[in-house]
Amino acid sequence: MNLLLFSLVVVVFSLACYTFAQVTVPWYENLPAVAMDYKVHVDPGKEDCYFQYVNPGATFYVSFQVLRGGDGMAGFAVHHPNGEVVLPYQWRANADYQDQTSTGGYYRVCVDNQFSRFADKLVNLYMTVIRYDQWDLYAKELEEMNLSVENFTTTIQNVERNINDMLQFQNHMRGMEGRHYNLLVDNNTYVLRWSAIQIIVICGATIIQVYFVRKLFDVKNTRPRA
């Protein structure tokens, strides 16, 4: 009985470990390329960190842009899976980092808004994980079909790299467009608010001036004394 109970516990423990391992494996682990675009809201005086899994030998790229809030800048840092800070904190409007031959693991990307005590920030995060070695698998499959794929594979790899560069550039320009649009909206709101306040002040000053000028020419009717 004790042996049966012990065997049952071992089986349950093994299933639990297997389930935990399955859960911790990212769903995109076997994909050749992954691109993720986030709009992140960071409260004043806060720091938010995000983790991105990168396959061994893959190319990891991350960019950060402040779209709206305060002075338009925030802290940004990237931590290597081994704990090393590969991109130290700096107060900036945008930044990027790329590791072309990653050793693999979970990168930690942090956005720091602790220097801003009152203004929250809207930040754009763009991350890509690309495994260029996956093209070798396609080449081997085509070689099995007795096809000459050397030039084809080289061309496809160049196209893939160019597409990745184009996506990174498009994301950067999209972030700049959002940042400039928010800046225009804030400036327009600022101008309209102060224009309305100035109009109210001018109208109030005009009314007061007219009132006191009329008071200067106001003649009271008095009866002559006998």
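All values derive from a computational prediction rather than experimental measurement.

Next up on the list: the overall build of the protein. Within the protein, the regular secondary structure consists of 3 helices and 8 strands. N-terminal to C-terminal, the α/β element order of the protein is α-β-β-β-β-β-β-β-β-α-α. Relative to its full complement of 226 residues, the protein shows a buried share of 31%. In the protein, 76% of the contacts between residues at least 6 apart in sequence involve partners at least 24 apart. Accessible area for the protein stands at about 16,000 Å²; split by element, carbon and sulfur atoms hold 61% of it.

With that settled, the discussion passes to the nonpolar core. By size, the foremost hydrophobic cluster in this structure holds 21 residues, and its most contacted members are F60, V62, F64, F76 and V111. For this core, the secondary structure elements donating two or more residues are strand 1 (33–42), strand 3 (59–68), strand 4 (74–79), strand 6 (94–99), strand 7 (105–112) and strand 8 (121–130). F76 has contacts with V62, F64, L87, P88, Y89, Q90, A95, V109, C110, V111 and L125, leaving out every residue within four places of it along the chain.

Turning our attention to the sheet that holds strand 2 (residues 47–54). An order of 2-7-4-5 is seen for the 4 strands of this open sheet, with the pairing classed as antiparallel. One side of each edge strand has no neighbouring strand; the edge strands of this open sheet are strand 2 and strand 5 (85–92). This sheet shows a mean twist of 15° between the axes of neighbouring strands, independent of strand direction. In the sheet, strand 4 pairs with strand 5 via 5 bridges, with the strands oriented antiparallel. By the bridge assignment, G75 is partnered in strand 5 with W91.

Another aspect to go through is the pattern of salt bridges. A complete count under the given rule lists 1 salt bridge for this structure. Linking K121 and D71 is a salt bridge whose minimum nitrogen-to-oxygen distance equals 3.6 Å. With a gap of 50 residues between them, K121 in strand 8 and D71 in the loop between strand 3 and strand 4 connect regions that are remote in the sequence. Taking relative accessible area as the criterion, D71 reaches 46% and is therefore assigned partly exposed.

This paragraph deals with the sheet that holds strand 6. Read across the sheet, 4 strands follow the order 1-8-3-6 without closing on themselves; strand pairing throughout is antiparallel. Sheet topology places strand 1 and strand 6 at the edges, where each strand pairs with a single neighbour. Going across the sheet, the axis of each strand differs from the next one's by a mean of 10°, ignoring polarity. Of the strand pairs in this sheet, strand 3 and strand 8 are connected by 9 bridges, and their pairing is antiparallel. Note that in strand 8 the partner of Q65 across the bridge is N124.

Attention shifts here to the confidence of the model for the protein. Keep in mind that low pLDDT regions are not for reading the predicted coordinates in detail. Of the residues in the protein, 76% have a pLDDT of 70 or more, and the chain-wide mean is 77. Within the protein, helix 1 (residues 2–24) has the poorest average pLDDT of any element, 42, and strand 4 the best, 92.

With that settled, consider a nonpolar patch on the surface. On the surface, Y190, V191, W194, I197 and V201 cluster together into a nonpolar patch covering about 480 Å² of accessible area. Within the secondary structure, V191 is located in helix 3 (residues 150–216). Relative accessible area serves as the criterion here: at 47%, V191 is assigned to the partly exposed category.

Analysis parameters
Residues numbered from 1 in each chain as written. Predicted model: local features only at pLDDT ≥ 70, side-chain atom pairs only at ≥ 80, totals over all residues. Heavy atoms only, no water. Helix = DSSP H or I, 4+ residues; strand = E, 2+ residues; numbered from the N terminus. Buried < 20%, exposed > 50% of the residue type's maximum accessible area, 1.4 Å probe, protein only. Contact = heavy atoms within 4.5 Å. Areas by Shrake-Rupley, 256 points an atom, 1.4 Å probe, with all protein chains shown as cover. Core = buried A, V, L, I, M, F, W, Y, C linked by side-chain atoms within 4.5 Å. Pairing = 2+ DSSP bridges. Axes fitted to C-alpha atoms, helices over the stretch in contact; angles between N-to-C directions. Salt bridge = Lys/Arg side-chain N within 4 Å of Asp/Glu carboxyl O. pLDDT = per-residue confidence, 0-100. Patch = residues over 30% accessible without salt bridge, like charges linked within 9 Å, V, L, I, M, F, W, Y side chains within 5 Å.

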